[in-house]
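# A closer look at the structure
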Amino acid sequence: MKKQERMENLRAEVEACSRCGLCSNAKNRVIGEGNLDARIFFVGEAPGRKEDEQGKPFVGSAGKLLDNLFIKAGFERDKVYIGNIVKCRPQGNRRPIRQEIDACAPYLSEQFDIIQPRIIAPMGNSALSSILIRFGFPETVIGEVHGKKFNAYSSWGKVIIAPLYHPAAAIYNRKLLGNLERDIICLY
């Protein structure tokens with residue numbers, strides 16, 4: 001089965017999902033978007049208000065910042081893949097809880113298997129914890145490991161986990177912006 005067909009099957013599965021309560025308030029399921037042959041897969045926490053409205057990841061203010069950082073790093077958004085650990089917006093823009101993350105985990109795993117990225121870039125603590133656990137690493141916080149690289153192994157071969165601050169964190173704390181910019185530039 002081709003990548004596009006697999007992703008469409010996954011999209012239909014996510015659209016029909018009711019594994020956790022997040023779907024009951026979601027306007028849209030935000031599967032992810034980008035190049036199915038992407039070298040880098042950026043993983044955020046959950047859709048925000050704008051993402052829920054549009055059904056696309058990182059289209060609000062954090063997405064605009066991320067797009068600008070991509071330009072500074074010399075690559076285009078359509079050359080990467082962007083998704084989240086959960087596919088529906090938590091009410092009140094809260095962090096997803098473990099049950100919600102676990103409910104969406106098979107969908108993210110399938111996205112990884114379809115895209116087979118060489119670099120997985122979790123953005124923020126929730127995404128970082130989820131990805132580190134998935135690949136057998138102990139949990140830690142983004143402030144301790146941003147910019148570092150973890151070598152991991154997957155069904156498609158070696159993958160590098162490259163933790164990043166979440167763009168929203170850099171909006172609220174401008175002191176993080178320089179670190180985020182350097183860490184993204186170092187991905188290429």
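Preceding this section is the structure that the text describes.
Structural notes, computed from the coordinates. Bear in mind that the values here come from a model prediction, so they are computed numbers and not experimental data.

With that out of the way, let us pick up the overall build of the protein chain. Counting its regular elements, the protein chain contains eight helices and six strands. Counting from the amino terminus, helix and strand elements in the protein chain follow one another as α-β-β-α-α-β-α-β-α-α-β-β-α-α. Computed over its C-alpha atoms, the radius of gyration of the protein chain comes to 15 Å, within 12% of the 16 Å expected for a compact globule of 188 residues. Viewed in the frame of its principal axes, the protein chain has a C-alpha envelope of about 40 × 35 × 30 Å. When burial is assessed residue by residue, the protein chain has 52% of its 188 residues classed as buried. Nonlocal contacts in the protein chain, meaning residues at least 24 apart in sequence, comprise 69% of its contacts between residues at least 6 apart.

Looking now at the pattern of salt bridges. As enumerated under the stated definition, the model contains 10 salt bridges in all. Between Glu110 and Arg6 there is a salt bridge whose closest N-O contact spans 3.1 Å. On the criterion of sequence distance, the pair formed by Glu110 in helix H4 (residues 98-115) and Arg6 in helix H1 (residues 3-15) is long-range, its members being 104 residues apart. The class for Glu110 is partly exposed, based on a relative accessible area of 25%. We classify Arg6 as partly exposed; its relative accessible area is 24%. Across the salt bridge formed by Asp102 and Arg98, the nearest N and O atoms sit 3.6 Å from each other.

Counted under the stated rule, the structure contains six aromatic pairs. On the numbers, 5.0 Å between centres and 50° between planes, the contact of Phe42 with Phe70 is tilted. Residue Phe42 is located in strand E2 (residues 40-44), and its partner Phe70 is located in helix H3 (residues 61-73); the two are separated by 28 residues in the primary sequence. Of the residues examined, Phe70 reaches a relative accessible area of 1% and is grouped as buried. Three or more aromatic residues link up through ring pairs in this structure, and these residues are Phe41, Tyr81 and Phe112.

With that settled, the discussion passes to the side chain of Asp52. Of note, Asp52 is situated in helix H2 (residues 49-54). An unpaired buried charge is present at Asp52: no salt bridge exists, and Arg89, the closest side chain of opposite charge, is 5.2 Å distant. Not counting the four nearest positions on each side in its chain, Asp52 is found in contact with Asn25, Ala26, Lys27, Asn28, Val30, Pro47 and Arg89.

Next up on the list: the sheet that holds E2. The strand order across the open sheet formed by six strands is E1-E3-E2-E4-E6-E5, and the pairing between neighbours is mixed. Looking at which strands have only one partner, the edges of the open sheet turn out to be strand E1 (33-34) and strand E5 (150-154). Taken together, the two bridges between E1 and strand E3 (residues 81-84) define a ladder with antiparallel strand orientation. Across the sheet, residue Glu33 finds its bridge partner in E3, namely Ile82. Packed onto the sheet, H4 meets E2, E3 and strand E4 (119-122) and runs at close to 165° relative to E2. The sheet contacts of helix H5 (residues 125-134) involve E2, E4, E5 and strand E6 (157-161), and relative to E4 the element is tilted by about 140°.

So, how was this worked out
Here the residue index of a chain counts from 1 through its sequence in written order. Given that the model is predicted, a residue must reach a pLDDT of at least 70 before its local features are reported, and side-chain atom pairs must reach 80 or more before they are shown or counted; all residues, however, enter totals for whole chains, interfaces and linings. The basis for every side-chain value is the complete set of non-hydrogen atoms in the structure, without hydrogens or water. Elements are defined by DSSP. Helices are runs of H or I of four residues or more, strands are runs of E of two residues or more, and each kind is numbered from the N terminus. The globule rule is 2.2 Å times the number of residues to the power 0.38, and the radius of gyration it is compared with is taken over C-alpha atoms. Relative accessibility thresholds used throughout: buried, under 20% of the residue-type maximum; exposed, over 50%; partly exposed, between the two (1.4 Å probe, protein chains only). Two residues form a contact once any of their heavy atoms are found within 4.5 Å. Within this document, salt bridges are pairs made up of a side-chain nitrogen of Lys or Arg and a carboxyl oxygen of Asp or Glu, the two lying within 4 Å of each other. Note on aromatic pairs: the rings of Phe, Tyr and Trp (six-membered ring only in Trp) are paired at centre separations within 6.5 Å, and the planes decide the class, stacked below 30 degrees, edge-to-face beyond 60, tilted for the rest. None of His or the chain ends enter the tally, which takes Lys and Arg as positive and Asp and Glu as negative. Two strands qualify as a pair provided DSSP detects at least 2 bridges between them. Axis definition: a line fitted to C-alpha atoms, over the contacting stretch in the case of helices. Angles run 0 to 180 degrees between N-to-C directions.

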